[in-house]
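Residues per chain are reported as follows:
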Amino acid sequence: GGKGGGGARDQYSEEEKKHRVVLCKYDEDQDDALSLKELARLIKDVAEEECQFCEDHELGPYIQRAMREADKDGDKKLNVEEFVPWHGEFRAFIDSFKHKEEEKKQAETAAKASAIKELLECMDKGVIGSCHMSDLPMAIEAAMERGKTPLLVDATVGVEGESFTPLETFYSYSGDALIEMKKMVVDVSIQKEKTVEEALEGCRKRLLEAVKWGKGLIVLMSNSAPPLTSKFTAPDSFPIDVFDASKVKAVLSTSYKEWEGTFLPGVIDAARDKCEVVHKDFKVVVVTKFPAEDYSEFLQAEVPLALMQPIKVTNNK
């Protein structure tokens, strides 16, 4: 069926009017046409304010091409007859681009939600789950809420030839209190540069720093299986209880008068160490570079894995 009509028709359709309004807005010298410079401003405004439909370095060539293709009479300007069809196509392209971006964003959000859901289901079963590096804070918190110390199984992949993984690099800049277990074992057992007591005092200082300032105590084991329970823990410096998330949770936000019966007396002296309260954000995280399939085989003898929630950390898209 045709449209019911009647009455004098407006000179321009609603659609055409819209395009003409845009032309007027950018027609600085008011000659009813857009020069290359005026067209460039229009296209750049859309790229900056609505959506980045092409890379910065592609914008110049895109503008040149738009002028070339739309300028039918070759006078280096777009008059109304040339501008209206070009702008119609340009707007259709931009709207479709925005629609695709929105769909992509929704798909990413859904994928992320489903990955997180899967991780939490693994945690509820006590088996290893995967998480992207960007979701790490959430994963660590979820493990702690379940009364487990996060054991990050580092599967992040860095640049060829670099010895540190992206996860290790992240922690080296995070401002957390780091204990490099592999280095400590080498210093004590191979280089003989430190005694066990000196190494443990180093651990105590890191623990104090984390407790006092609300940092993560990040125990980096790299690709080693340090003799943690048999050698590198001690009740008066680095107690094995720091790996028990329920015992860590019990001391959060407590003052030194409430520490009796916890792992803190003997380790931290409120007066000497100028630390009277445990910061609410104190946490303990363990990191291993052994692969997900056999980390437990390497670590089970010396690391209290039963207290931990393994989380495989990746950085791939």
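This text follows the structure it describes.
Please read these numbers as outputs of a predicted model, since none were measured by experiment.

> Looking at this model, I keep getting lost on the pairing of strand 3 (residues 129–132). Mind explaining?
Along any regular strand, the residues point their side chains to alternate faces of the sheet. Of the two faces of strand 3, the one holding Gly129 and Cys131 is buried and the one holding Ser130 and His132 is not buried anywhere. Summarising the sheet, strand 3 and strand 8 (residues 308–314) pair through four bridges and their orientation is parallel. Looking across to strand 8, one finds that His132 is bridged to Thr314.

> I keep staring at the side chain of His19 and nothing clicks. Help me out?
Relative to the helices and strands, His19 is located in helix 1 (residues 14–26). Taking relative accessible area as the criterion, His19 reaches 6% and is therefore assigned buried. In this structure, His19 is in contact with Phe83, Val84, His87 and Gly88, ignoring residues within four places of it in sequence.

> What is the right way to look at the packing of aromatic side chains in this model?
The geometry of an aromatic ring pair comes down to the distance between the two centres and the angle between the two planes. Taken as a whole and judged by the stated rule, the model has 11 aromatic pairs. Taken together, a centroid distance of 6.3 Å and an interplanar angle of 50 degrees make the contact between Phe93 and Phe97 tilted. Here Phe93 and its partner Phe97 are both found in helix 4 (residues 80–125), four residues apart, which amounts to about one turn of the helix.

> What exactly am I supposed to notice about the environment of Val186 here?
As for its placement among the helices and strands, Val186 is situated in helix 7 (residues 181–190). Spatially, the C-alpha atom of Val186 lies 50 Å from that of Asp56, the residues being 130 residues apart in sequence. Those residues in contact with Val186 that sit more than four places away from it in its chain are Gln191 and Lys192.

Calculation rules
Residues numbered from 1 in each chain as written. Predicted model: local features only at pLDDT ≥ 70, side-chain atom pairs only at ≥ 80, totals over all residues. Heavy atoms only, no water. Buried < 20%, exposed > 50% of the residue type's maximum accessible area, 1.4 Å probe, protein only. Helix = DSSP H or I, 4+ residues; strand = E, 2+ residues; numbered from the N terminus. Pairing = 2+ DSSP bridges. Contact = heavy atoms within 4.5 Å. Phe/Tyr/Trp six-rings, centres within 6.5 Å; stacked < 30°, edge-to-face > 60°.

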